[in-house]
Amino acid sequence: MNDALIISGLTKTYKDFMLNGVSFSVPCGSIVGLIGENGAGKSTTINAVLGLIQKEAGSICVLGKEQPDNEIKEQIGVVFDGNNYPEIFSTRKLNRVMKDIYHSWEEHTFLNLLKKFSLPTDKPIKQFSKGMKMKLAIAVALSHNSKLLILDEATSGLDPVIRDDILDILLDFAQDETHSILISSHITTDLEKIADYIVFIHEGQVVFSKLKDELIEQYGIIKCGAAQFEALDKSDIIVYRKMDYEWQVLVADRAAMKKKYPKTLIDSVSIDEIMLLYVKGERGK
Amino acid sequence: MKGLLLKDYYLIKSVLYIILVVFAVVGIGMSFLTSTWVLTVIATVMLGMISVTTINMDRNSGWKKVSLVLPVSRTAVLDCKYILYLLLSGIGLLLGVILGVVASIIKGQIDYQSMMLFVGISIAMALFSGSMTIPLTFLLSEEKSMLALIIAYPLSAFVFVGAALLIDNKLLACGLVTIVGVLLYSISWLISRKQIINKDMT
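Scope of this entry: the structure provided in the associated data block. These figures come from a predicted structure and were not determined experimentally.

## Quick notes on the side chain of S129 of chain B
Residue and element names in this part refer to chain B.
Then comes step 1: Its location among the elements puts S129 in helix α5 (residues 112–139).
Then comes step 2: A distance of 3.2 Å separates the side chain of S129 from the side chain of Y85, its partner in a polar contact.
Then comes step 3: Residues within four places of S129 in sequence aside, it is in contact with Y85, A152, Y153 and S156.

What follows is the structure, encoded as structure tokens:
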């Protein structure tokens, strides 16, 4: 098995939104970041992968199976944004409940993770901060021999220190080549730190699914005036955006463009800028 | 399923003292105003209702979504609520009968016919309302499920009163309504199991 998750042609229609033929994969041992603006289809995709919603077309293969049974579900760790567990529970009670739900539950691992994350065992979860709740959800996800972690907006609303802690935990998990992570976020800087691949969803469609390093190292942004923009070979333009005083143009091969247009300013580009250009700009011809 | 029931046990334990206080106040008051056996109806319905309450607690805490990605089937998550409802209603009925007997002994009169009648009413009310509230609370949004909760109990009472008006023999009417209640609860359980498999739950 080369891929922990393969999504092919996933389609789901709602009254005012359509997930349209979404396809990408999560290779074993990798971290895939799912990016896109709010309402782009990230959570819908994750919900379909987890079987929370029924797909209309396409296929989803999780850890080698199209219809994940309980054995497969044991190997999937899931972290949702917001609350995950009853707030009156202490982590001790949660441990007892999970022990009776997961056959592969590792109490020792869970208690060690609680200690590592400085989470109390006797306090009710309602007294936890948002960051502590998120760490608890991750501790649960890591305590039943998960092979695939799926996190939906797990870092949103958290301060940079907690986010960094969580990213470290995820990086640590992904050190094992049999472990994989699919993480959705609109905080692209987080994904720049940890992701191997970036999948960008916009208006229910995958715009691109690429190696992060390829995006960061090869893509570039040309910042130029109207005359320079007109002189550009239109086939070099992926997307462009007219700003107040300049044109911003996304190109796929920064080095080649520097050779082709030596007098033009070509900068490296962040994932945030790529996303903004795709969402707010116009496609090249 | 053991883990799911354990989770509900912990949840119920946290709200049980409130239920017991309400039960004591309402039950004692009602038993003085009407028959002592009314305690069986109150206890059965109130304890059964806790099962439905746990569905809303699951929804608000985020557990409902989490439970659907756990290594248990969707039907097991639903079954847990139906089983819990029967268990709690049964405990409520038993508690109600014991309290009714004690109250009758204190009052110096045990009317077995009334006892049978109220036991029948209790079972029928519990099963009728449960067959509506569990699926609607589980499968519908919070707003719609609130409406179901409001409607279920008066509707159950209405069915019972209707049967009592149509059939002179109250015990017979009670027995028939109880049988219908058992059927309705079973049908509700079966239909909900089929519905939940393909329903979008987010």
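## A short note on the packing of helix α5 (residues 130–141) of chain A against helix α6 (residues 160–173) of chain A
Residue and element names in this part refer to chain A.
Then comes step 1: Running from N to C, α5 and α6 point in directions that differ by 10°, and their axes come no closer than 10 Å. Here α5 lies roughly parallel to α6, going by the angle between them. Contacts from G131, M134, K135 and I138 in α5 reach I162, D165, I166 and I169 in α6.
Then comes step 2: Here the residues of the contact of α5 with α6 sort into five nonpolar, one polar and two charged.

## Quick notes on the interface of chain B and chain A
Then comes step 1: Contact with chain B, which involves 27 residues of that partner, is made by 27 residues of chain A.
Then comes step 2: When chain B packs against chain A, the two sides together hide about 2400 Å² of surface, and 65% of this comes from carbon and sulfur.
Then comes step 3: The largest contributions to the chain B side of the interface with chain A come from Y10, V69 and P71 of chain B, which together make up 27% of the buried area.
Then comes step 4: Here chain B is connected to chain A by two salt bridges.
Then comes step 5: The tally of links from chain B across to chain A stands at eight residue pairs in polar contact (both at pLDDT 80 or more).
Then comes step 6: Elements with a contribution of two residues or more to the side of chain B that touches chain A: α1 (2–33), α2 (38–61), α3 (63–67) and α7 (170–198) of chain B.
Then comes step 7: Among the residues making up the side of chain B that touches chain A, the classes are represented as 13 nonpolar, eight polar and six charged.

## Considerations on unusual backbone geometry
Residue and element names in this part refer to chain A.
Then comes step 1: Unlike most non-glycine residues, N145 shows phi in positive territory, near 55°.
Then comes step 2: Structurally, N145 is set in the loop between α5 and β6 (148–152).
Then comes step 3: The backbone of E203 shows a phi angle near 50°, a positive value even though the residue is not glycine.
Then comes step 4: With respect to the secondary-structure elements, E203 resides in the loop between β8 (197–202) and β9 (205–211).

Reading the values: the criteria
Residues numbered from 1 in each chain as written. Chains lettered and ligands numbered in written order. Predicted model: local features only at pLDDT ≥ 70, side-chain atom pairs only at ≥ 80, totals over all residues. Heavy atoms only, no water. Helix = DSSP H or I, 4+ residues; strand = E, 2+ residues; numbered from the N terminus. Polar contact = N/O pair within 3.5 Å; in protein donor to acceptor, adjacent residues only side chain to side chain. Contact = heavy atoms within 4.5 Å. Axes fitted to C-alpha atoms, helices over the stretch in contact; angles between N-to-C directions. Parallel < 35°, antiparallel > 145°, perpendicular 65-115°, else oblique. Nonpolar A, V, L, I, M, F, W, Y, C, P; charged D, E, K, R; others polar. Buried area = accessible area lost by both parts, 1.4 Å probe. Salt bridge = Lys/Arg side-chain N within 4 Å of Asp/Glu carboxyl O.

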